[in-house]
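Examination of the molecular architecture
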Amino acid sequence: MGMGRAGSYYPGAERLISPVLHLLVLCTLSSLTHIGESQVPTPQCRIQKCTTDFVSLTSHLNPSLDGFDTEFCKALRAYSACTQRTSKSCRGNLVFHSAMLGISDLMSQRNCSKDGPTSSTHPVITIEPCNYHSRHHQVLRPGTGTGAPEHPRPTYLFCGLFGDPHLRTFKDHFQTCKVEGAWPLIDNNYLSVQVTNVPVVYGSSATATNKITIIFKPYQECTDQKVYQAVTDDLPAAFVDGTISGGDSETRSIWILEKSPGRHVEIHAAYIGVTIIVRQQGRYLTLAVRMPEELAMAFDETQDLQLCMNGCPTSERIDQEGHLQLPMLGLQQAGFQPQARVEAQRGVFTLESASRKCKEQLEVKDIYFHSCVFDLLTTGDANFTTAAYNALKDMETLHPKKERWHIFPNSTAGLRPFSLLLNALLTGFLITVLL
């Protein structure tokens, strides 16, 4: 896997940056035509109207949501048609020619065909009942009286599980837990996700995930129940019934994408706005989920045991109030032996060598980096480095709020064992002096 600077890239970013730059340039140039010192007056040239309409059609689109490419290409074709209609009156206009080049560049970047449907600046919006984005993102166009009643944009939540295992809850709380056996991550009226964790090292309470079961519950006419199950060395690209999608032949309401055979799959449930990423790294599985808050909260008191919603029970926590205390010695130095010495890349790590290994892929020393160090010291399995890196990248792909991506441990967390010892020594010294 290629290295990346943590926090500097996320899938989908490149799809958003170029359009934004083009729009800013075009809008700026359009405004300059009203100042007009360097432009020949062309009152019939309507390039500014074309650009304004394009901004209106695309400003609400989110590159991380399903359907972005389709809607963006529609808007580009409408923009292109608008510029063609005003081409004669815009001859020699700098903004017009910049727009033409920008449109061509963007259509090439996104593989947009020149022929196809276009967006209307005054659309009569058809709501797709089996598409959550369609049901909740259509708004009334100002001044047109068309479209669906306005809805507030839904809030999305993120949950992730990886490593020994480390849990990032819907509330962005980060915990390291034991949770051996089968545990529910999510259990609401629309979706159930259960993981099974097994011990990874003799003599340690740390576990890792070797089985994931996901149940998409029946929803109106959109889909029957769909079940997906992954276990170590069996990461299928299909649901348990053998299908890879659900819904009618024209509009899929749920589907599976195999990103890397046996290693990485994505499940998109458009009818409830859910995206799930499942990976295998080494012998264990990782999971990342994005889900609308209103659906995640749709459960009753009998479904309150959900690790993504409420975190791990206190008795199952390895970390102490958010402090992840690192093992002070490697496995062999501590007298522990891995269960399976035949597994690849197992070895002995010191705090220094584990930190160096994790820094190869995780340059920012946030909680993902510290989790990686903890996992290497606990298991000796270098696969957990890539697991932490992939968990970070999946979080950046799915988490809706960039400003909350990185969680940093308390600045004194790494000194906690030493500070406790120092406090004990000082207390003993004071008692001796006083007595």
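Residues numbered from 1 in each chain as written. Predicted model: local features only at pLDDT ≥ 70, side-chain atom pairs only at ≥ 80, totals over all residues. Heavy atoms only, no water.

Turning next to the state of the cysteines. Per the counting criterion, the structure on display carries 7 disulfides. One disulfide bridge connects Cys73 with Cys112, the sulfur atoms lying 2.0 Å from each other. Looking down the S-S bond of the Cys73 and Cys112 bridge, the torsion is -70°, so its handedness is left-handed. Of this pair, Cys73 sits in helix α3 (residues 68–85) while Cys112 sits in the loop between α4 (94–109) and α5 (132–137); the two residues are 39 residues apart in sequence, bridging distant segments of the chain. (Disulfide = S-S within 2.5 Å. Helix = DSSP H or I, 4+ residues; strand = E, 2+ residues; numbered from the N terminus.)

Moving on, we get to the environment of Ala237. Relative to the helices and strands, Ala237 resides in the loop between β7 (226–231) and β8 (245–247). Placed 18 residues apart in sequence, Ala237 and Trp255 show a C-alpha to C-alpha distance of 9.7 Å.

Take the pairing of strand β12 (residues 284–292) next. In terms of residue burial, β12 counts as a mostly covered element, since 9 of its 9 residues are buried. Of the two faces of β12, the one carrying Tyr284, Thr286, Ala288, Arg290 and Pro292 and the one carrying Leu285, Leu287, Val289 and Met291 are both buried. Pairing of strand β11 (residues 274–281) with β12 involves 7 bridges; the strand directions are antiparallel. Note on β12: the bridge partner recorded for Thr275 is Arg290. From the end of β11 to the start of β12, which pair antiparallel, there are 2 residues, and Gly282 there has a positive phi angle of about 65°. (Buried < 20%, exposed > 50% of the residue type's maximum accessible area, 1.4 Å probe, protein only. Pairing = 2+ DSSP bridges.)

What follows deals with the packing of helix α10 (residues 367–379) against helix α11 (residues 383–398). The contact between α10 and α11 brings their axes to 9 Å, and the two run at 155°. By the angle class used here, α10 and α11 are roughly antiparallel. Here α10 and α11 pass one another in a crossing that is right-handed. Within the contact between the two elements, α10 uses Tyr368, Cys372, Asp375, Leu376 and Thr379 and α11 uses Phe384, Thr385, Ala388, Ala391, Leu392 and Met395. Split into classes, the residues belonging to the contact of α10 with α11 amount to 8 nonpolar, 2 polar and 1 charged. (Axes fitted to C-alpha atoms, helices over the stretch in contact; angles between N-to-C directions. Parallel < 35°, antiparallel > 145°, perpendicular 65-115°, else oblique. Left-handed = near helix turned anticlockwise from the far one by under 90°. Contact = heavy atoms within 4.5 Å. Nonpolar A, V, L, I, M, F, W, Y, C, P; charged D, E, K, R; others polar.)

Bringing the confidence of the model for the protein into the picture now. Mean pLDDT over the protein stands at 78; residues scoring 70 or higher make up 72%. Looking over the protein, one finds the lowest element-wise mean pLDDT in helix α12 (residues 416–434), namely 36, and the highest in β7, namely 98. Here residues 28–42 is a poorly scored stretch, pLDDT under 50, and it has 13 contacts once near neighbours within four places are set aside; other chains count. (pLDDT = per-residue confidence, 0-100.)

Its 13 residues place the ends of α10 18 Å apart at the C-alpha level, agreeing with the 18 Å of an ideal helix rising 1.5 Å per residue. With 12 of its 13 residues buried, α10 lies for the most part within the structure. (Expected span 1.5 Å × (residues − 1).)

Scanning the entire structure with this criterion turns up 4 cavities of 30 Å³ or more. Roughly 110 Å³ of internal volume is contained in the largest cavity. Lining of the largest cavity is provided by Leu65, Asp66, Asn131, Tyr132, His133, Tyr156, Ala269, Ala270, Gly273, Val274, Thr275 and Arg290. Elements supplying a minimum of two residues to the lining of the largest cavity: α5 and β11. Among the residues making up the lining of the largest cavity, the classes are represented as 6 nonpolar, 4 polar and 2 charged. Considering only enclosed or pocket space, the second largest cavity measures out at about 90 Å³ in volume. Along the walls of the second largest cavity sit 14 residues, with Gly160, Leu161, Phe162, Leu287 and Ala391 positioned nearest its centre. Elements with a minimum of two residues in the lining of the second largest cavity: β1 (156–162), β2 (166–168), β12 and α11. Here the lining of the second largest cavity gets 4 residues from one element, more than from any other, and that element is β1. The class makeup of the residues in the lining of the second largest cavity is 9 nonpolar, 3 polar and 2 charged. (1 Å grid on protein atoms, 1.4 Å probe; cavity = no way out; pocket = protein on both sides within 12 Å on 5 of 7 lines; lining within 4 Å. Points joined across faces, edges and corners; volume = space filled by probe spheres on them.)

Turning our eyes to something else, we now look at the sheet that holds β8. Spatially, β3-β2-β1-β12-β11-β10-β9-β8 is the arrangement adopted by the 8 strands of the open sheet, whose pairing is antiparallel. In the strand order of this sheet, the two ends are held by β3 (174–176) and β8, each with one partner. Here the strands of the sheet are splayed against their neighbours by 10° on average, with no regard to which way each runs. Note: strand β9 (residues 252–260) against strand β10 (residues 264–269), 6 bridges, orientation antiparallel. When the bridges of β10 are listed, Ile254 appears paired with Ala269.

Our next topic: the pattern of salt bridges. For the structure on display, the rule yields 11 salt bridges. For Arg356, the salt bridge is made with Glu352, and the minimal N-O distance between the two is 3.7 Å. You can see Arg356 and its partner Glu352 sitting in helix α9 (residues 351–359), 4 residues apart, about one turn around the helix. Among the salt bridges present, the one from Lys393 reaches Glu396, with a minimum N-O distance of 3.0 Å. Taken together, the residues Lys393 and Glu396, both in helix α11 and 3 residues apart, mark about one turn of the helix. The class for Lys393 is buried, based on a relative accessible area of 10%. (Salt bridge = Lys/Arg side-chain N within 4 Å of Asp/Glu carboxyl O.)

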